Amino acid sequence: MRRFARFWRDSASLIVLARTGSGSGVDAAGCNYKVLVFKRPERSSFMPNAVVFPGGAFSKQDCTLEWNRLLSPEITQQLAKVSGPRPPIFETDGHSLVDRNVSLRLCSLRETFEELGVLLATEKTGTEKATGYGKVATGNPMFDVASWQRDVHDGRREFRELCEVQKLVPDVASLYEWATWITPTIIHKKRFETAFFLVALSALPPVLPEVNEVKEYYWDTPSNLLEAHACNRIWLTPPQAYEVKRLSYVHDIDKLISFAKQTRDGKGSAAFCPVAYSTSDGTVLALPGDDLYPKDYDYVTDHTTFDDYKGLTAEELRAKAKRLHRLELGPGLHTKGFFMNQRPSEQHLHLLGENHHLQLWK
């Protein structure tokens, strides 16, 4: 049994970006790409009505060694070369399964296909990442996307079977490790540790939403998604709000992918497991590096300090801190404030766009 199996399930999510502007410059709206998100149905068992990136629970089919028939060692070995932090989700269970750096990418690709019908794969096994952009597979003329999507989603066939029949190789090499989030302990009933990956596409691909999991989907810029969230037209859960927020300061998709390849690649990702504190006007989620974040937190301990500051507003509590890395939430876990006054770890993007520490922004 995995180390934290009794506390949460493992999952993977994919942040899909697609170019919309012409050339390498930004469009009239100030951003030359859009982000793919969708709204969960009200009947969803986890975070109903939330607007999220595609993704879902890890499956045994994602880590079977049969994937080695499709994925070359040059691809898998390169993805396993990570020098930075490795959260629990990346711990591989022995040599009888595919390395977690690969299988979690496969999980995110499978879930993206199941939920939205977007198949990221290539017809050849080349290991190069010349452009950094992902490849959208259309398959042969007889490829029935909708039929395969239903079969894979409903468990009649496996994602690997789809790739083998269509002679496709999942484009794991174009997925960049981006973040890892763990559901806070205040949500006892259903917790996940989720590995987030990022992929960029050269154009908007066709989308085929799965009727039971997707109420509606959106392609929009990070800034527009944040505005819709701020006006309560959509609800981004805290991890999505955080990731969209730090993307919103980078308007050029080429610069963003160059950053992912040249600066972030192989750096790993420290786990973000928020610790919650009640205030008189909402909830504060403290993140690693914040004054309120417990030292050497083990991700499972329930904190008796949740109500210690309920007599203060979030602003009053913030004024007491020197080091900030937190989200301030209003009713319904709706993120209202983003705060960070320190350098991000693993040379990542700053939550508030203060990216002067990165070479690409000098």
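What counts and how
Residues numbered from 1 in each chain as written. Predicted model: local features only at pLDDT ≥ 70, side-chain atom pairs only at ≥ 80, totals over all residues. Heavy atoms only, no water. Helix = DSSP H or I, 4+ residues; strand = E, 2+ residues; numbered from the N terminus. Rg over C-alpha atoms; globule rule 2.2 N^0.38 Å. Contact = heavy atoms within 4.5 Å. Areas by Shrake-Rupley, 256 points an atom, 1.4 Å probe, with all protein chains shown as cover. Lys, Arg positive; Asp, Glu negative; His and termini not counted. Charge placed at Lys NZ, Arg CZ, Asp CG, Glu CD. Phe/Tyr/Trp six-rings, centres within 6.5 Å; stacked < 30°, edge-to-face > 60°. Buried < 20%, exposed > 50% of the residue type's maximum accessible area, 1.4 Å probe, protein only. Lys NZ or Arg CZ within 6 Å of the ring centre and 35° of its normal.

The next point concerns the overall build of the protein. Of the regular secondary structure elements, the protein holds eight helices and 14 strands. Computed over its C-alpha atoms, the radius of gyration of the protein comes to 20 Å, within 12% of the 21 Å expected for a compact globule of 362 residues. With the principal axes as the frame, the protein shows a C-alpha extent of 65 × 50 × 40 Å. Within the protein, contacts between residues at least 6 apart in sequence are counted, and of these 72% link residues at least 24 apart. Element-wise, carbon and sulfur atoms account for 49% of the exposed surface of the protein, whose accessible area totals about 16,000 Å². Here the protein contributes 45 positive and 45 negative side-chain charges, whose respective centroids are spaced 2 Å apart.

Summed over the entire model, instances satisfying the criterion amount to 15 aromatic pairs. On the numbers, 4.6 Å between centres and 15° between planes, the contact of phenylalanine 4 with tryptophan 8 is stacked. Note on phenylalanine 4: relative accessible area 12%, which makes it buried. Their ring planes at 55° and their centres at 6.0 Å tell us that tryptophan 67 and phenylalanine 159 sit as a pair that is tilted. Here the residue tryptophan 67 occupies a position in the loop between strand S4 (55–57) and helix H1 (73–79), and phenylalanine 159 occupies one in helix H4 (residues 159–165), the gap between them amounting to 92 residues. For tryptophan 67, a relative accessible area of 0% translates into the label buried. Looking at phenylalanine 159, the relative accessible area reads 1%, which means it is buried. An aromatic cluster is defined as three or more aromatic residues linked by ring pairs; in this entry it consists of Phe4, Phe7, Trp8, Tyr293, Tyr297 and Tyr299. The residue whose ring lies beneath arginine 86 is phenylalanine 90, and the NZ or CZ to ring-centre distance is 4.0 Å. A cation over a ring is seen here: arginine 100 above phenylalanine 58, with NZ or CZ 4.2 Å from the ring centre.

Moving on, we come to helix H6 (residues 238–247). By the criterion of burial, H6 is predominantly enclosed, with 10 of the 10 residues buried. Listed as buried for H6 are Pro238, Pro239, Gln240, Ala241, Tyr242, Glu243, Val244, Lys245, Arg246 and Leu247.

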